[in-house]
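Structural overview
Given next are the chains, with one letter for each unit.
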Amino acid sequence: MIFLDKFSEMLKGVLEGMVLEIISRGEIYGYEIAKRLHAMGFEGLAEATVYALLLRLEKNKLVHITRKPSEMGPPRKFYTLNERGMEELASFWARWDFLNERIQTLRNSGGKGI
Amino acid sequence: MSFSRETMEKIGKFAKEQAQHYLDEAEMTYMEKLRRKSGQTKDKIRAKLEKFKSRSQTALDAQNDMILYMSDYMKDLMAEGLSEQEAFERAKEDLKFRSDSAMSANLQERFASYYESLSPADHEAVGLFYAGFLFLGVAAGGLAGFLGGGGREAFLAGGWIETLIGVVVGGAVGIGCGFFSNAVIALKRRS
């Protein structure tokens, strides 16, 4: 996506929600999440960003982790959402809907319809 | 697809070095914090710390995560036509901890928030408290010393030492009160 660098600041606020949504769809490992994001058009997303985000999700206890053997040696972590992660995801979409609705109103009527 | 032993060693070394930067301080052992902050004396402290448990499970997990993440990324890059060495260099560059990464951004936000909440009025109040208590302490201490020492006649006859002691003690008490006021203001601002 050519204008990714233009909204990297905006993306920071929603990336966690995006990753939570991806994890909510089924067990997945770290790099696969990055690949999914790239496939969606976020090619310019730094690899380190997703890695750091996953560490944060784990630290904030939003994900359940299952370790499975990998061909590289260390066990591979697979993520699924736990109850707290589900709540956080629901909260993210509620905030998103609220913001989206207001932004659309602003775009359509300059905020006069509020 | 597997990597050469040399590349695997490089990946491991890179992950060990970089993974800890991504970990929040709260997740690090005291030893790791020391190691990170030690700067120039890093090697010296590391040698001493080797006697103790040197890495937490969390740090090892983060390191392993990075090894796998980097390996997956390198495999993709090699599938695109890069050599093993080129893929390693590119992955190293992309995964290197940067000052604009999430943790650092968080730290910057905290700094910004701290400086935004700083008010010149707070500093002025702290300064006035110090000065006020110091003057009060010196005046009260000096007066107590002067009167306790025998008044004007005793003062002129060489009894000024009591007054001086009163001034010094009063000044110290005043500065002490200033410290308390400073602490109260700091705690109020924090809450």
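Residues numbered from 1 in each chain as written. Chains lettered and ligands numbered in written order. Predicted model: local features only at pLDDT ≥ 70, side-chain atom pairs only at ≥ 80, totals over all residues.

Assigned secondary structure in chain A consists of four helices and three strands. Listing the helices and strands of chain A from first to last along the sequence gives α-β-α-α-β-β-α. Evaluated residue by residue, chain A yields a buried proportion of 21% over its 114 residues. Considering only contacts in chain A between residues 6 or more positions apart, those separated by 24 or more positions represent 48%. (Helix = DSSP H or I, 4+ residues; strand = E, 2+ residues; numbered from the N terminus. Buried ≥ 20, exposed ≤ 12 C-beta atoms within 10 Å, placed from the backbone. Contact = placed C-beta atoms within 7 Å.)

For the rest of this paragraph, the subject is the overall build of chain B. Within chain B, the secondary structure is distributed over eight helices and zero strands. Secondary structure of chain B in N-to-C order comes out as α-α-α-α-α-α-α-α. Per-residue burial for chain B yields a buried fraction of 19% across its 191 residues. Residue pairs at least 24 apart in sequence account for 65% of intrachain contacts in chain B once pairs closer than 6 positions are excluded.

Moving on, we come to the interface of chain B and chain A. Chain B puts 20 residues into the contact, and the matching count from chain A is 17 residues. Put simply, the parts of the chain that give the side of chain B that touches chain A at least two residues each are α4 (57-79), α5 (84-95) and α6 (102-117) of chain B. Considered class by class, the residues forming the side of chain B that touches chain A number eleven nonpolar, three polar and six charged. (Nonpolar A, V, L, I, M, F, W, Y, C, P; charged D, E, K, R; others polar.)

Moving on to helix α2 (residues 30-39) of chain A. Within α2(A), burial applies to A:Gly30, A:Tyr31 and A:Ala34. One side of α2(A) holds all its buried residues, which, seen down the axis, span an arc of 95°. Buried residues along α2(A) sit against β1 (28-29), α3 (47-59) and β3 (76-81) of chain A together with α4 of chain B. (Arc of directions from axis to C-beta.)

All names here are of chain B. By secondary structure assignment, the location of Leu134 is in helix α7 (residues 120-148). Taking the C-alpha atoms as reference points, Leu134 and Cys177, 43 residues apart in sequence, are found 8.3 Å from one another. Non-local contacts of Leu134, meaning those with residues more than four positions away in its chain, are made with Gly171, Gly174, Ile175 and Gly178.

Here we come to the packing of α2(A) against α3(A). Residues and elements named next belong to chain A. Contact pair α2 / α3: the axes reach a minimum separation of 10 Å and the direction vectors enclose 130°. One element, α2, and the other, α3, form an angle in the oblique class. In this structure, α2 meets α3 at a crossing whose hand is right-handed. Along the contact surface, α2 presents Gly30, Ile33, Ala34 and Leu37, while α3 presents Glu47, Val50, Tyr51 and Leu54. Its residues assigned to classes, the contact of α2 with α3 shows six nonpolar, one polar and one charged. (Axes fitted to C-alpha atoms, helices over the stretch in contact; angles between N-to-C directions. Parallel < 35°, antiparallel > 145°, perpendicular 65-115°, else oblique. Left-handed = near helix turned anticlockwise from the far one by under 90°.)

Turning to helix α1 (residues 5-22) of chain B, a few remarks are in order. An α-helix turns once per 3.6 residues; consequently, residues spaced three or four apart project the same way. For α1(B), built from 18 residues, the straight-helix expectation of 26 Å at 1.5 Å per residue is met to within 8% by its first-to-last C-alpha distance of 26 Å. B:Ile11, B:Ala15, B:Ala19, B:Gln20 and B:Tyr22 are the residues of α1(B) that are buried. (Expected span 1.5 Å × (residues − 1).)

Right, let's get into the confidence of the model for chain B. The share of residues in chain B with pLDDT of 70 or more is 74%, and the mean pLDDT across the chain is 78. Across chain B, the element-wise mean pLDDT spans from 61 in helix α3 (residues 42-49) of chain B up to 90 in α5(B). (pLDDT = per-residue confidence, 0-100.)

Residue and element names in this part refer to chain A. Ordered by their spatial adjacency, three strands build an open sheet running β1-β3-β2, and the pairing between neighbours is antiparallel. The outermost strands of the open sheet, each flanked by one partner alone, are β1 and β2 (63-68). With two bridges connecting them, β1 and β3 associate as antiparallel partners. Considered in β3, the bridge of Ile28 is made with Tyr79. (Pairing = 2+ DSSP bridges.)

Let's shift gears to the pairing of β3(A). Looking at chain direction, β2(A) and β3(A) are connected through six bridges and run antiparallel. Note that in β3(A) the partner of A:Val63 across the bridge is A:Leu81.

Moving on to the nonpolar core. Counting residues in hydrophobic clusters, the biggest one holds 34 residues, and the most contacted among them are A:Tyr51, B:Met66, B:Tyr69, B:Met70 and B:Ala91. Mapped onto this core, the elements with two or more residues apiece are α1 (8-24), α2, α3 and β3 of chain A together with α1, α4 and α5 of chain B. Sequence-distant contacts of B:Ala91, that is, excluding residues within four places in its chain, are made with B:Met70, B:Tyr73, B:Met74 and B:Leu77. (Core = buried A, V, L, I, M, F, W, Y, C linked by C-beta atoms within 7 Å.)

For the rest of this paragraph, the subject is the environment of B:Ile185. All names here are of chain B. Among the structural elements, Ile185 can be located in helix α8 (residues 151-190). Overall, Ile185 belongs to the partly exposed group, with 15 C-beta atoms counted inside 10 Å. The sequence separation of Ile185 and His123 amounts to 62 residues, and the corresponding C-alpha distance is 9.5 Å. In contact with Ile185, other than residues within four places in its own chain, are Asp122, Ala125 and Val126.

Turning our attention to unusual backbone geometry. Residues and elements named next belong to chain A. Of note in this structure, Lys61 is not a glycine but carries a positive phi near 55°. In this fold, Lys61 is placed in the loop between α3 and β2. Accessibility expressed as a C-beta count within 10 Å gives 11 for Lys61, which makes it exposed.

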